[in-house]
Amino acid sequence: MAPLITRMCTPAQMGAFSVWFGIVAIAAIGATLRLEAAMVLDHGERQQRTCFRVVAWSASLLALGLTAAAVTGRALDLPFLRQLSWLAILTIGLGAWLTATMQTTLAYATSHNAFGKAARAKVWGASTIALGQVGLLYTGAGGAALITGHLIGLCAGLVAARLLLSPPRAAPSWRLDDEQRRYLRRHEKFWRFSLPSNLLNVVVGQLPLFLIGMRHGAVAAGLFALTQRVLAAPVALLAASVLEVFKRQSVHDFQTLGNCKQAYRYTFKALLLLGVGPSVALFLFSPSLFAWIFGEPWRAAGELARILAPLYFLNFIASPLSYVFFVAGKQKADLVWQVALFTMTVSVFLLPLPLHQSVLWYAIGYSLLYLVYLHMSYQCAQNRLEAA
């Protein structure tokens, strides 16, 4: 559907939607407190029900607070929020709540080896998003079509996941009870270390888009957004599916053998073989491919894709394997790396460079850090990495 969508909207409209989507993605990480990752370790029905209730509490509070903050900022005419419509402002909290709830439900599926049902729910949600956006764009809804279609798809995916998986019900409340507080304390590593680390990771992923939009305008942000969307698709589909299997196997191996190096090596080789072909093709032909598939106005996005292709190849490999930091209890080491990545990204995009040079130095710095990250994750898989 992406080629059809790019022919029905402008780069500026895509840029504005991508900024909204980036804020939602960042907020959704905070909304879960990263406790959904703990569900793979806690298989008891009561523990998982408690996890859902804690996430419902945190996600609801964050959604309300984020919406209030966005409305206030837009009313005060803050520069960063000027490019967002009132529809975008009013739905940021809703988008974050739906995304966080879906993430928790999919983690529940992983803990029960329900990979097929989770995949069907994700496909249903993604399909509804695409169809909703195309249908609304066809009616002339413009930029609002991208946001509205995305929200409709999130709702459809969540409904499908709940019908297929029957996860515990969790009505949001304003206060935590004693059992929920104990759950938070027992899994404090996830919200003390994994949460900041993942927030930094997602912020770093969205930061180039935000900074490009502020410095080079909505059109440049739209071009970069399409580049990110295309290059991230293999990670979202193939690598994410590999991750679901690696989660279970790595936890099992660590609990029985004290390490998960065999699962790590097998997963690394599989990801390497899956990713090398598409990455080489993108590096060689992406400008022409983007112009042919998405339309001539998007050729410039293909030029950015060529620069970023090696980085996303490393990202395709490293992202699923990063779960080993949780399994080995080395969230501190992951957080240190994320801080280094954040520092590098801010430093590069604050330099007064043209767009292509900024993206090039960003790709070089990020790729070097990914090589370090892969080394660290393999040390964790062998249970050799010293605590940070």
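Residues numbered from 1 in each chain as written. Predicted model: local features only at pLDDT ≥ 70, side-chain atom pairs only at ≥ 80, totals over all residues. Heavy atoms only, no water.

Another aspect to go through is the pattern of salt bridges. Two side chains of opposite charge can pair, provided their charged atoms sit close to one another. Per the stated rule, a full pass over the model turns up five salt bridges. A salt bridge links Glu36 to Arg34; the nearest nitrogen and oxygen atoms lie 2.2 Å apart. This pair shows no difference in class: Glu36 is buried, exactly as Arg34 is. One salt bridge connects Arg299 with Glu296, and the closest N-O pair in it is separated by 2.7 Å. (Salt bridge = Lys/Arg side-chain N within 4 Å of Asp/Glu carboxyl O. Buried < 20%, exposed > 50% of the residue type's maximum accessible area, 1.4 Å probe, protein only.)

Right, let's get into a nonpolar patch on the surface. Among the surface-exposed residues, Val276, Val280, Phe283, Leu284, Phe285, Leu289, Trp292 and Ile293 lie close enough to one another that they form a single nonpolar patch of about 770 Å² accessible area. Tracing the backbone through its elements, the reader meets Leu289 in helix H10 (residues 261-294). (Patch = residues over 30% accessible without salt bridge, like charges linked within 9 Å, V, L, I, M, F, W, Y side chains within 5 Å. Areas by Shrake-Rupley, 256 points an atom, 1.4 Å probe, with all protein chains shown as cover. Helix = DSSP H or I, 4+ residues; strand = E, 2+ residues; numbered from the N terminus.)

To continue, consider unusual backbone geometry. At Asp77, a position not held by glycine, the phi torsion is positive, near 60°. Within the secondary structure layout, Asp77 lies in the loop between helix H3 (45-75) and helix H4 (86-111). Not every positive phi belongs to a glycine, and Asn113 is a case in point at roughly 60°. Mapped onto the elements, Asn113 comes out in the loop between H4 and helix H5 (115-138).

Next up on the list: H10. Taking 1.5 Å of rise per residue, 34 residues should cover 50 Å, yet H10 covers just 42 Å from first to last C-alpha, more than 12% shy of that figure. Its axis deflected by about 85° at Phe285, H10 carries its strongest bend there, up to four residues before the proline Pro287. Within the sequence span of H10, burial applies to Ala263, Tyr264, Thr267, Leu271, Gly275, Ser279, Leu282, Ser286, Pro287, Phe290, Ala291 and Phe294. Gly295 lies just past H10 and shows a positive phi near 110°. (Expected span 1.5 Å × (residues − 1). Bend = angle between axes of the 7 residues up to and from the residue.)

Before going further, it helps to examine the packing of helix H11 (residues 299-321) against helix H14 (residues 355-381). It is at 9 Å that the axes of H11 and H14 come closest, and there the two elements cross at 20°. By the angle between their directions, the pair H11 and H14 is classed as roughly parallel. When the axes of H11 and H14 are compared, the crossing they make is left-handed. Residues Glu303, Leu304, Ile307, Leu308, Leu311, Leu314, Asn315, Ile317, Ala318, Ser319 and Leu321 of H11 touch H14, and the partners they reach there are His356, Val359, Leu360, Tyr362, Ala363, Tyr366, Ser367, Tyr370, Leu371, Tyr373, Leu374 and Ser377. (Axes fitted to C-alpha atoms, helices over the stretch in contact; angles between N-to-C directions. Parallel < 35°, antiparallel > 145°, perpendicular 65-115°, else oblique. Left-handed = near helix turned anticlockwise from the far one by under 90°. Contact = heavy atoms within 4.5 Å.)

Atom-level detail of predicted coordinates should not be read off regions where pLDDT is low. Chain-level pLDDT for the protein chain is 88 on average; 97% of the residues reach the 70-or-more range. Taken element by element, the protein chain is modelled with least confidence in helix H9 (residues 218-257), mean pLDDT 80, and with most confidence in helix H6 (residues 143-165), mean pLDDT 95. (pLDDT = per-residue confidence, 0-100.)

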